[in-house]
Amino acid sequence: MKINHLITIPVLLAALLASASCGCDKTAPKEEVVELQMPGNPFITDIYLADPSAHVWGDGRLYVYPSHDNDPPRGCDLMDGYHVYSTDDMVHWTDHGEFLHSRDVEWGRPEGGFMWAPDAAFKNGKYYYYFPHPSGTDWNNTWKVGIGVSDKPTMENLKLLGYLEGLGDAFSMIDPCVFVDDDGQAYFYYGGGGRMIGCKLKDNMTEIDGPVVTMTGMKDYHEGPWVFKNNGKYYLMYADNHQEPGNRGANQLRYCWSDSPLGPWQYQGIILTPTDCDTSHGSIVKYKGQWYLFYHNCNISHQGNLRSICVDKLYFNEDGTIREVVQTFAK
Ligand code: FUB
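Quick caveat, the model's predicted, so the values are computed rather than measured.

Trainee: Which parts of the structure should I look at to understand the sheet that holds strand β8 (residues 159-163)?
Mentor: What holds strands together in a sheet is hydrogen bonding between their backbones, with the strands either parallel or antiparallel. Taken together, the four strands give an open sheet; going across it, the order is β5-β6-β7-β8, and neighbouring strands pair in antiparallel fashion. Looking at strand neighbours, the two that pair on one side only are β5 (119-123) and β8, the edges of this open sheet. Across this sheet, the average inter-strand angle for adjacent strands is 25°, counted without regard to direction. Pairing between strand β7 (residues 143-150) and β8: three bridges, direction antiparallel. Considered in β8, the bridge of G148 is made with L160.

Following this line, the structure appears as structure tokens:
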């Protein structure tokens, strides 16, 4: 069949531009949901992993970038050796192997360990990796956020690029999270110890751009920020302290939303009640039309710092609020 390119190309371009410029096209046809089987939780059982950051990249696979709990643990001190996992069906997962260890980090803590919750981002054809790590023996006061870059989502041949400068107080500089908006602007967040910081990143993904802002509006914020967008709204999920009088327990995952990626945030509710771990930390991603929550529990080890990664389906209500996720277990 012959196609009139003079007419169809401008029409197609206009449609593409309209859908790319705004994540809130209410007239867009509903995306088809592919009903995938679930793997049963935890879904990686041969080593202990925590803090899963999940992303879907251009090759159509879903990638998970977790941290790694070494057995036996000493709190979270001995965490080291990052792996990447990927799938195209949620059931079969490929371990792409260890690609970064504290011994590779030349500015890092001499004794190693403390390779905590990482995140990854894609920009200008490259995959960027952000990891928190102390630069000194006094680990709690010497945190930095290291950066690496790779041509592959598996972080193969990762080239280390130093650390992000100008972030401020090294005390709570853990749990980096990077969100790239529809217009290509990247935002960087970090924050433990009850404080969360956000800022823009320059196009090179290795320098901050403009002021560093303290995020406000969260309820009982502790650590583990995860920012994403759905239908034009920005969402922030985080782990709470869960230590108010009369309401004490292990950490939960809560969320807020905002009309801006740097807040102010408005508190909305709880996404996940405590797992059996000392901590909680997760990510939310849409894959093949379905939203998923990634998180960790301790159902294999029954020890708070030997964690295992899990995934369950997540659903939005019509008004954009998120339904509490039902944790599922091994099949
Ligand atoms: O995994 C080490 C630390 O524990 C993370 O950075 C926190 O989010 C908590 O999960």
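There's plenty left to go through after this.
Trainee: How do you make sense of the nonpolar core when you look at a structure like this?
Mentor: Soluble globular proteins tend to bury their nonpolar side chains together. Judged by nonpolar contacts, the single largest core of 33 residues is most densely connected at M218, I271, I284, L293, L314 and I322. Elements that contribute at least two residues to this core include exactly β9 (177-180), β10 (186-190), β13 (221-230), β14 (233-240), β17 (253-258), β18 (266-272), β20 (290-297) and β21 (308-314). Excluding residues that lie within four positions of it along the chain, I284 makes contacts with W226, F228, M237, I271, W291, Y292, L293, L314 and I322. In terms of nonpolar packing, the next biggest core, distinct from the first, is built from 24 residues, I147, L164, L167 and A186 among them.

Trainee: What exactly am I supposed to notice about the pairing of strand β12 (residues 208-214) here?
Mentor: Strand residues, when the strand is regular, have side chains that alternate between the two faces of the sheet. Relative to β12, strand β11 (residues 197-201) is paired through four bridges, and the arrangement is antiparallel. By the bridge assignment, I197 is partnered in β12 with T214. Remark: six residues form the turn of the hairpin made by β11 and β12, two consecutive strands paired antiparallel; M205 in that turn has positive phi of roughly 65°.

Trainee: Help me understand the environment of P132 in this model?
Mentor: Along the polypeptide, P132 turns up in strand β6 (residues 126-134). With relative accessibility at 0%, the residue P132 sits in the buried group. Considered as a pair, P132 and D175 are 43 residues apart in the sequence and their alpha carbons are 6.5 Å apart.

Trainee: Is there a simple way to explain the site of the ligand in this structure?
Mentor: Neighbouring residues of the ligand: D51, C76, M79, W116, A117, D175, E223, T279, H281, H296 and R307. Separating an oxygen atom of the ligand from a side-chain N or O atom of H281 is a distance of 2.7 Å. Between an oxygen atom of the ligand and a side-chain N or O atom of R307, the distance comes to 2.8 Å. Protein contacts shield 98% of the accessible area of the ligand, which totals 270 Å² for the unbound molecule. For the ligand, the cavity whose grid points lie within 2 Å of the majority of its atoms is the second largest pocket.

Trainee: Explain the confidence of the model for the protein here, please?
Mentor: Interpreting fine coordinate detail is not advised for predicted regions of low pLDDT. Considering every residue of the protein, the mean pLDDT works out to 92; 91% of them sit at 70 or more. Below a pLDDT of 50 lies the segment residues 1-26, which in the model reaches nine contacts outside its immediate sequence neighbourhood of four places, other chains included.

Trainee: Mind showing me how you'd approach the environment of P176 here?
Mentor: Within the element layout of this structure, P176 appears in the loop between β8 and β9. Spatially, the C-alpha atoms of P176 and F294 are 16 Å apart, while their sequence positions differ by 118 residues. If we skip the residues at most four places from it in the chain, P176 touches A117, P118, D119, Y130, F131, P132, V145, F188, Y189 and Y190.

Trainee: I'm lost on unusual backbone geometry in this one. Help?
Mentor: Backbone geometry follows two general trends: most residues other than glycine have a negative phi, and most peptide bonds adopt the trans configuration. With an omega of -10°, the peptide bond running from N41 to P42 counts as cis. Looking at where P42 falls in the secondary structure, it is placed in the loop between α1 (5-21) and β1 (48-56). In the segment running from D71 into P72, the intervening peptide bond is cis, with an omega of 0°. Mapped onto the secondary structure, P72 falls in the loop between β2 (62-69) and β3 (82-87). With phi around 55°, D51 is a residue other than glycine that occupies positive phi space. Secondary-structure assignment places D51 in strand β1. One non-glycine residue, N231, lies in the positive phi region at around 50°. Secondary-structure assignment places N231 in the loop between β13 and β14.

Trainee: Help me understand the sheet that holds β12, please; the structure alone is not making it clear to me.
Mentor: Read across the sheet, four strands follow the order β9-β10-β11-β12 without closing on themselves; strand pairing throughout is antiparallel. Lying at the two open borders of the sheet, with one neighbouring strand each, are β9 and β12. Taking the axes of each pair of neighbouring strands and ignoring which way they run, one obtains an average angle of 20° across the sheet. When β9 meets β10, the two strands line up antiparallel, connected through four bridges. By the bridge assignment, C177 is partnered in β10 with Y189.

Trainee: Hey, could you run me through the layout of surface pockets in this one?
Mentor: A probe as big as a water molecule, rolled over the atoms, marks out the empty space that is left. As a volume, the second largest pocket reaches approximately 290 Å³. Along the walls of the second largest pocket sit 19 residues, with W116, I174, D175, H222 and E223 positioned nearest its centre. The class makeup of the residues in the lining of the second largest pocket is seven nonpolar, eight polar and four charged.

Rules behind the numbers
- Per-chain numbering applies: the sequence of each chain, read as written, is numbered from 1 onward.
- Per-residue local features are limited, in this predicted model, to residues with pLDDT of at least 70; the limit for side-chain atom pairs, both in listing and counting, is 80 or more; totals at the level of whole chains, interfaces and linings are taken over all residues.
- As a rule here, side-chain values cover all heavy atoms of the structure and leave hydrogens and water aside.
- Strand pairing is assigned whenever DSSP detects at least two bridges linking the two strands.
- Strands are runs of DSSP state E lasting at least two residues, helices are runs of H or I lasting at least four, and both sets are numbered from the N terminus onward.
- Fitted lines through C-alpha atoms give the axes, limited to the stretch in contact for helices. The angle between two N-to-C directions lies from 0 to 180 degrees.
- Remark: nonpolar core denotes a set of buried residues (Ala, Val, Leu, Ile, Met, Phe, Trp, Tyr, Cys) joined through side-chain atoms within 4.5 Å.
- Note on classification: 1.4 Å probe, protein chains only; a residue is buried when its accessible area is under 20% of the maximum for its type, exposed when over 50%, partly exposed between these limits.
- Whether two residues are in contact is decided by their heavy atoms: any pair within 4.5 Å suffices.
- Proximity is defined per residue: any heavy atom of the residue falling within 4 Å of a molecule or strand makes that residue near it.
- For the purposes of these results, a polar contact is taken to be a pair of N or O atoms within 3.5 Å, where, inside protein, one atom must be able to donate a hydrogen and its partner to accept one; residues adjacent in sequence count only when each atom of the pair is a side-chain atom.
- The method behind every accessible area is Shrake-Rupley, applied with a 1.4 Å probe, and residues are considered shielded solely by the protein chains displayed.
- Note on definitions: the grid is 1 Å and covers protein atoms alone; a cavity is a set of points where a 1.4 Å probe fits but cannot get out; a pocket is an open set with protein on both sides within 12 Å along at least five of seven lines; lining residues have an atom within 4 Å of a point.
- Think of it this way: if more than half of a molecule's atoms are within 2 Å of a pocket's grid points, that molecule is in the pocket or cavity.
- Confidence of the predictor in every single residue is expressed as pLDDT, which spans 0 to 100.
- Grid points are joined across faces, edges and corners, and a volume is the space filled by probe spheres set on the points.
- Any residue outside Ala, Val, Leu, Ile, Met, Phe, Trp, Tyr, Cys, Pro, Asp, Glu, Lys and Arg is labelled polar, Gly included; the first ten of those are nonpolar and the last four are charged.

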